[in-house]
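Commentary on secondary and tertiary structure
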Amino acid sequence: MNAALVTDAATLSPIALFQQADWVVKAVMLGLLAASIWTWAIIVMFRVKVGRIRRDTARFEADFWKADDIDAFYKANGQADLPSARVLAAAVAEWRRSTHGSTIDRDGTRERLATAMGSAVAKEIDELSDRLNILATVGSVAPFVGLFGTVWGIMRAFTAIASAQNTSLAVVAPGIAEALFATAIGLFAAIPAVIAYNRFGHAINRLEARMNRFADGFHATLSRQLDAER
C-alpha cells in the first residue's frame, strides 16, 4: 500500500498526496479546501444577486422617472426589495415628516432629505458589501496558510531523510510533493477570491454611483416641489 502511494505521489495524484501527508498538512489542506468551496459559494451567490439587483434597479428607476404621480408610484412600488426602493422610502418618509406642519423650513427640509437618502445609500452599500470581507480574507490569508503547510511538510521530509540516512530523490520527492501540494491548494483558494473581490468591488461602486444619481435626481425633484409650496 505504501509503495502504491509513493508511486501515485510521483504522478502527482491529489488523493495520494493527501493520504500520505502529515496530519498537520492534512488539516491545512482540508481547511483550504473548505475555504475554496465557501469562496465559490459566495461568488456564485453574489454574482446572481448583483445581476438581479442591476436589472431590477434599472427597471425600477425607468418606471419611476416616467411616473406622473410620485405618491401613487410609491404606494405601488415603495416596498420593493431593491436598494433604490429603500432610498425612495427614506426620502418619502422624511418628506412627510418635514412637511407635516403648517410651516415648512425649506432649507432644513432639503438638508434632512439629503441626509436621509445619503444614509439609506450607505446602509445599502454596507449590506451589499457584507460578504466581500470573506473574499478579501481568503485571498490574503490562504497563500500563507498553504505556505505553512508546505514548510511543515518539508520539515517532515527532511526529518525522514535524516532518519533513513538516504538523500536519494525517491526518498525526498514524495514529502516535497505533498508539501508543495498545500501551497497549490492555497493558491487555488486565493486566486478566485482576489479576482472576485476586485470585480465585485467594482460592481458595488457602480451600484453606489447609480443610487447616488437616483438620490440626487429625486432630491432635485423634491426641492422643486418645496419651491412650489406656499
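Below is a short write-up of the structure. These numbers were taken from a predicted model, which means no experiment stands behind them. (Residues numbered from 1 in each chain as written. Predicted model: local features only at pLDDT ≥ 70, side-chain atom pairs only at ≥ 80, totals over all residues. Heavy atoms only, no water.)

Our next topic: the packing of helix H5 (residues 83–98) against helix H6 (residues 106–128). One can describe the packing of H5 onto H6 by two numbers: an axis separation of 9 Å at closest approach and a directional angle of 155°. With respect to H6, the axis of H5 lies roughly antiparallel. The hand of the H5/H6 crossing is right-handed. Facing H5, whose interface residues are Pro 83, Arg 86, Val 87, Ala 90, Ala 91, Glu 94, Trp 95 and Ser 98, H6 presents Thr 109, Arg 112, Leu 113, Ala 116, Met 117, Ala 120, Val 121 and Glu 124. (Axes fitted to C-alpha atoms, helices over the stretch in contact; angles between N-to-C directions. Helix = DSSP H or I, 4+ residues; strand = E, 2+ residues; numbered from the N terminus. Parallel < 35°, antiparallel > 145°, perpendicular 65-115°, else oblique. Left-handed = near helix turned anticlockwise from the far one by under 90°. Contact = heavy atoms within 4.5 Å.)

Counting residues in hydrophobic clusters, the biggest one holds 53 residues, and the most contacted among them are Val 87, Leu 88 and Phe 218. Counting residues per element, this core draws most heavily on helix H8 (residues 169–228), at 18 residues. With near-sequence residues (within four places) excluded, Val 87 lies in contact with Met 117, Ala 120, Val 121, Met 211, Phe 214 and Ala 215. (Core = buried A, V, L, I, M, F, W, Y, C linked by side-chain atoms within 4.5 Å. Buried < 20%, exposed > 50% of the residue type's maximum accessible area, 1.4 Å probe, protein only.)

In the contact formed by helix H3 (residues 23–66) and H5, the axes pass within 8 Å of each other and the chain directions differ by 45°. Viewed along their axes, H3 and H5 adopt a mutual orientation that is oblique. Of H5, the residues touching H3 (which contributes Ile 53, Thr 57, Phe 60, Glu 61 and Phe 64) are Pro 83, Ser 84, Ala 85 and Leu 88. The residue inventory of the contact of H3 with H5, partitioned by class, reads 6 nonpolar, 2 polar and 1 charged. (Nonpolar A, V, L, I, M, F, W, Y, C, P; charged D, E, K, R; others polar.)

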